[in-house]
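Examination of the molecular architecture
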Amino acid sequence: NLLIDGDNGNTVEMWTKYDTTSTSMRCLFDLWNGTTVANPNSSDYCRFMIEARPSGSKLLSVTYISGTSGVERLSVGNTSSVSSGTWFHLAVRVENSDGTIRARVYINGELDDTVFGGTSIVRAERDLVANIGAYTSAPTNVARIAGGGMTWAGWGTPSFMIDEFRFWKSAR
């Protein structure tokens, strides 16, 4: 039932509360197909991941990859738009746009940020599994550095809360 599709896009939304001054990446959502992350340039690899960034000007990092196309850890969302430790509604919308990936972040229903990066992706339905609030595997760039030998399934910094999570197989 899970699907990554750049042409139709994907949207993740949730109510969340976390510390925006954290010094480590935290995984809010990770959708992955189990292809070895040591070889993320494989045509079989696909991933849609949303991470809360360490303190700084950008709120999130978005990875949206299918095969050898897409974008990894694209910085999006303005940290100044949320108050640390306060509940807010977060929506992340990603989709293909003129040969690239467009990522939009909405805070409490209002468009907060739009960024472009990487290259357009194709539809991926390859045995996808997802975690909410934890990684399914090491982030792609970490696996490259570590040689893919790390097991990160279920790992994440639980310094946040998530409620009313929704995953959409289209840009909404």
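As a starting point, this report considers the structure included with it. (Residues numbered from 1 in each chain as written. Predicted model: local features only at pLDDT ≥ 70, side-chain atom pairs only at ≥ 80, totals over all residues. Heavy atoms only, no water.)

With that settled, consider the nonpolar core. Ranked by size, the top nonpolar core spans 33 residues in total, and within it Ile4, Phe48, Leu60 and Leu90 carry the most contacts. Put simply, the parts of the chain that give this core at least two residues each are β1 (10-18), β2 (26-32), β3 (46-52), β4 (58-66), β5 (69-78), β6 (88-97), β7 (100-107) and β10 (160-168). Those residues in contact with Phe48 that lie beyond four places of it in its chain are Ile4, Asn10, Val12, Phe29, Asp30, Leu31, Val62, Thr63, Tyr64, Val94 and Phe167. (Core = buried A, V, L, I, M, F, W, Y, C linked by side-chain atoms within 4.5 Å. Buried < 20%, exposed > 50% of the residue type's maximum accessible area, 1.4 Å probe, protein only. Helix = DSSP H or I, 4+ residues; strand = E, 2+ residues; numbered from the N terminus. Contact = heavy atoms within 4.5 Å.)

Across the sheet, which stays open at both edges, the 5 strands sit in the order β5-β4-β3-β2-β9 with antiparallel pairing between neighbours. Taken across any chain shown, the strands that pair with only one partner, and hence form the sheet edges, are β5 and β9 (129-132). Strand-to-strand twist in this sheet, taken as the mean axis angle between neighbours without regard to direction, amounts to 10 degrees. Judged from the 6 bridges that link them, β2 and β3 form a sheet pairing that is antiparallel. In the sheet register, Leu31 faces β3, and the bridge partner there is Phe48. (Pairing = 2+ DSSP bridges. Axes fitted to C-alpha atoms, helices over the stretch in contact; angles between N-to-C directions.)

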